[in-house]
Amino acid sequence: MNKVSPIGVFDSGIGGLSVLKQLMRFLPNEKFIYLGDTARVPYGNRTPEIIRQYSKECTKFLIEKGVKLIVVACNTASSVALDAIRSISDVPVIGMIQPAAIAAIRATNNGKIGIIGTRATIASKSYSNGILGLPDSNKVELISVACPLFVPLVEEGWLRHAVTRQVAVEYLSPLIENKTDTIILGCTHYPLLLPLLNELMLGVTFIDSGEHASVASLRQLAELDLLSGESTELLKKPEIKFYVTDVPTQFIDTALRFLGFATEHPEIVDISSI
Ligand code: DGL
């Protein structure tokens, strides 16, 4: 493992591509290996034990590929499996929770912070505990809402659909009533709903967990002197290798929606035997 080794990124499926997009923004000179556990997605409705087991298998796969950093680009895995992942990793691991918790405390003016995520993320209280463990958290008021229907709606591409709007109004009503001024998007899929969410909650600051985890990754690599010194030429295609545990029918279209550019076909791998 050295400066030119790739960064390993994994998610339960394709959603982590929204995180990869942010990583590429902040770390344009890096190579990436992306693993989507598409055969076992979603993680968000599963038990912590199973999520830990799957996350450890993803981690081992990336370590075998010689990555220099692992980014757990899944809020659910970051919420319940980060310690388990770190316990088997000999490279640094960045999760989604802590960077977004810090950003939310900094962003709020009235101390009312909303957290939205999958059922497993909300049940784990990872974001609440992350925020309450920070200095300046004594005056905050937190409201957490699980929004499980957002994931299939985003995968269907219904980003501005009337049904999605209705679902969002239902989920967000406790946050609107409470006059929450800052909301953590605690799921890989939610940044794609930003245009709709901004329309429904004018003036609210939305915290993209992938964006803040990317800044944390940049800092971590800089501190360890592991940033790639190789500068990519302008317009050079980013170097990303995609692995999945199954190829979903709509992979290319969905990936395009999350990443903003067409991906190469992913390679299928079996990670359960690692
Ligand atoms: N990637 C997951 C997350 O960020 C959402 C999809 C799933 O439930 O696996 O929580």
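A few points on the structure. (Residues numbered from 1 in each chain as written. Predicted model: local features only at pLDDT ≥ 70, side-chain atom pairs only at ≥ 80, totals over all residues. Heavy atoms only, no water.)

### Some details on the nonpolar core
Core analysis: the biggest nonpolar cluster contains 67 residues, and V9, L17, L20, F32, I116, F150 and I184 have the highest contact counts within it. Counting residues per element, this core draws most heavily on helix α4 (residues 97–107), at 6 residues. Beyond its immediate sequence surroundings of up to four residues, V9 is in contact with L20, L23, F32, I33, Y34, L35, L62, V71 and A73. (Core = buried A, V, L, I, M, F, W, Y, C linked by side-chain atoms within 4.5 Å. Buried < 20%, exposed > 50% of the residue type's maximum accessible area, 1.4 Å probe, protein only. Helix = DSSP H or I, 4+ residues; strand = E, 2+ residues; numbered from the N terminus. Contact = heavy atoms within 4.5 Å.)

### Some points on the site of the ligand
As a structural note, the neighbourhood of the ligand is formed by 13 residues, with D11, S12, Y43, G44 and T76 the closest of them. Here T76 contributes a side-chain N or O atom positioned 2.6 Å from an oxygen atom of the ligand. Here the ligand loses 99% of its free accessible area of 300 Å² to cover by the protein chains. (Near = heavy atom within 4 Å. Polar contact = N/O pair within 3.5 Å; in protein donor to acceptor, adjacent residues only side chain to side chain. Areas by Shrake-Rupley, 256 points an atom, 1.4 Å probe, with all protein chains shown as cover.)

### Some points on the environment of V145
With respect to the helices, strands and loops of the structure, V145 is situated in strand β6 (residues 141–146). You can call V145 buried: its relative accessible area is 12%. Sequence-distant contacts of V145, that is, excluding residues within four places in its chain, are made with I115, I116, G117, I122, Y171, P174 and L175.

### Section: the sheet that holds strand β3 (residues 69–72)
Strand order in the open sheet made by the 6 strands is β4-β3-β1-β2-β9-β10, with parallel pairing throughout. Both edges of this open sheet fall to β4 (93–94) and β10 (267–268), since each of them pairs with a single strand only. With 5 bridges connecting them, strand β2 (residues 32–36) and strand β9 (residues 240–244) associate as parallel partners. Looking at β9, one finds that Y34 is bridged to F242. (Pairing = 2+ DSSP bridges.)

### Some details on the state of the cysteines
Tallied over the entire structure, the rule returns 0 disulfides. Not engaged in a disulfide, the cysteine C74 finds its nearest cysteine sulfur in C187; these two sulfurs lie 7.6 Å apart. Free of any disulfide, C147 has its nearest neighbouring cysteine sulfur in C187, separated by 8.8 Å. Residue C147 is classed as buried on the basis of its relative accessible area, which comes to 0%. (Disulfide = S-S within 2.5 Å.)

### Observations concerning the pattern of salt bridges
Close approach of charged atoms lets side chains of opposite charge pair. The final tally for this structure, using the stated rule, is 9 salt bridges. Taking the shortest distance from any N to any O, the salt bridge between E30 and K68 comes out at 2.6 Å. A residue pair is termed long-range when its members are at least 10 positions apart, and E30 in the loop between α1 (17–26) and β2 and K68 in the loop between α2 (48–64) and β3 qualify at 38 residues. Within the structure, one salt-bridge network assembled from shared partners comprises D37, R40 and E57. (Salt bridge = Lys/Arg side-chain N within 4 Å of Asp/Glu carboxyl O.)

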